[in-house]
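Structure at a glance
Read off the chains here:
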Amino acid sequence: MKGEIRHQETIWMIVSILVVSSLACNASFLQNVRADMVNKTALVGTNLTYQHPGSPDGDEKASKHLFIHNYPMPNDGMISGVMYLNDTDEIPETITLLLLHPVSGGWQIVHKVSLPEDDLPPATSGLVTLELDPPLPVEKGDLFAHWQPEGEPTGPIPFNPDGSSHEGLSVGKFGFNVGNVEPGQTILNAGFTGQRDYFLNVIFKPYP
């Protein structure tokens, strides 16, 4: 009987050692996964999983508007692309992407990219991913914005309007001509209003 008990104790000891060893390996594995995720791409912007915007057609009157999205870059890195939710109309529309660096009293424009028209081919749902070639360097704390050119009265990005936003981190201001949105110029942090969610993200990858 004592021999059986010792035998069972030995078995349980071996099992316990294996369990502890397995847990240690799993913990190490999870740490490696978390460390690896640091070097992976990430979406910066409104949470696109909502996918039920209050204004699914995008802006109805946005010509010469600038919308700043207060989602700072988490680290120094590169913007390799853009992702946005399709609006529910089939009108080809375009916006210009701006990357902004915070300075005293506002933001300096560091990059400007005109995005291709949406709805080519027509689409009224789903996400669009655009690759930027070459990728654009950014610094920790930089923001992104989009500008609606003059002559483009309506916008292609669905959004939640003021009062019904989930995050409310996008603000806008009217009166920006093409000459006001060139790289190197400073946008003053004054007169911007609103608490919107624009279903637009930039694709961020940190430096190794």
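Structure report, in brief. Every value quoted in this text rests on a predicted model; they were computed, and no experiment measured them. (Residues numbered from 1 in each chain as written. Predicted model: local features only at pLDDT ≥ 70, side-chain atom pairs only at ≥ 80, totals over all residues. Heavy atoms only, no water.)

Below, the discussion takes up unusual backbone geometry. That bond from leucine 120 to proline 121 is cis: its omega, 5 degrees, falls within 30 degrees of zero. Residue proline 134 follows aspartate 133 across a cis peptide bond; omega there is 5 degrees. By the element assignment, proline 134 lies in strand E6 (residues 127–138). One non-glycine residue, glutamine 51, lies in positive phi territory at about 55 degrees. Phi angles above zero are rare outside glycine, and lysine 64 is one such case at about 65 degrees. (Helix = DSSP H or I, 4+ residues; strand = E, 2+ residues; numbered from the N terminus.)

This part takes up the nonpolar core. The nonpolar side chains of soluble globular proteins are, as a tendency, buried together. If you look at the biggest cluster of nonpolar residues, it comprises 25 residues, and the most contacted ones within it are Met73, Ile79, Val82 and Phe144. Within the residue set of this core, elements represented by two or more residues are strand E3 (77–85), strand E4 (96–103), E6 and strand E12 (200–206). Looking at this core, the element that brings in the most residues is E6, giving five residues. If we ignore the near neighbours within four places in the chain, the residues touching methionine 73 are Val44, Ile79, Val138, Glu139, Lys140, Gly141, Asp142, Leu143, Phe144, Val202 and Phe204. (Core = buried A, V, L, I, M, F, W, Y, C linked by side-chain atoms within 4.5 Å. Buried < 20%, exposed > 50% of the residue type's maximum accessible area, 1.4 Å probe, protein only. Contact = heavy atoms within 4.5 Å.)

What follows deals with the environment of phenylalanine 199. For phenylalanine 199, the location among the structural elements is in the loop between strand E11 (193–198) and E12. Sequence spacing of phenylalanine 199 and histidine 52 is 147 residues, and the spatial spacing of their C-alpha atoms is 9.6 Å.

The next thing to look at is the packing of aromatic side chains. Per the stated rule, a full pass over the model turns up four aromatic pairs. Each residue in the set Phe67, Phe159 and Tyr198 is aromatic and connected to the rest through ring pairs, giving one cluster. (Phe/Tyr/Trp six-rings, centres within 6.5 Å; stacked < 30°, edge-to-face > 60°.)

The subject of this paragraph is the sheet that holds E6. Here four strands make up an open sheet; going across it, the order is E1-E12-E3-E6 and the pairing antiparallel. One side of each edge strand has no neighbouring strand; the edge strands of this open sheet are strand E1 (42–45) and E6. If you compare each strand with its neighbour and ignore which way they point, the axes differ by 30 degrees on average. Where E3 lies against E6, eight bridges are found, and the strand directions are antiparallel. Within the sheet, the bridge partner assigned to glycine 77 lies in E6 and is valine 138. (Pairing = 2+ DSSP bridges. Axes fitted to C-alpha atoms, helices over the stretch in contact; angles between N-to-C directions.)

Within this structure, the stated rule accounts for three salt bridges. Put simply, arginine 196 and aspartate 59 hold a salt bridge, and the shortest N to O gap is 3.0 Å. Separated by 137 residues along the polypeptide, arginine 196 in strand E11 and aspartate 59 in the loop between E1 and strand E2 (65–69) bring together distant segments of the chain. With relative accessibility at 23%, the residue arginine 196 sits in the partly exposed group. Among the salt bridges present, the one from glutamate 182 reaches lysine 112, with a minimum N-O distance of 2.8 Å. Here the residue glutamate 182 occupies a position in the loop between strand E9 (170–174) and strand E10 (186–188), and lysine 112 occupies one in strand E5 (residues 106–114), the gap between them amounting to 70 residues. Take glutamate 182: its relative accessible area is 32%, and that puts it in the partly exposed class. (Salt bridge = Lys/Arg side-chain N within 4 Å of Asp/Glu carboxyl O.)

Burial within E2 is extensive, with five of its five residues counted as buried. Because side chains alternate across E2, one face comprises the buried residues His65, Phe67 and His69, and the other comprises Leu66 and Ile68, equally buried. The pairing of E2 with E9 spans five bridges and is antiparallel. Of the residues in E9, the one forming a bridge with phenylalanine 67 is glycine 172. Relative to strand E7 (residues 143–147), E2 runs antiparallel, the two being bridged by four bridges. Each residue of the ladder has a partner; that of phenylalanine 67, found in E7, is histidine 146.

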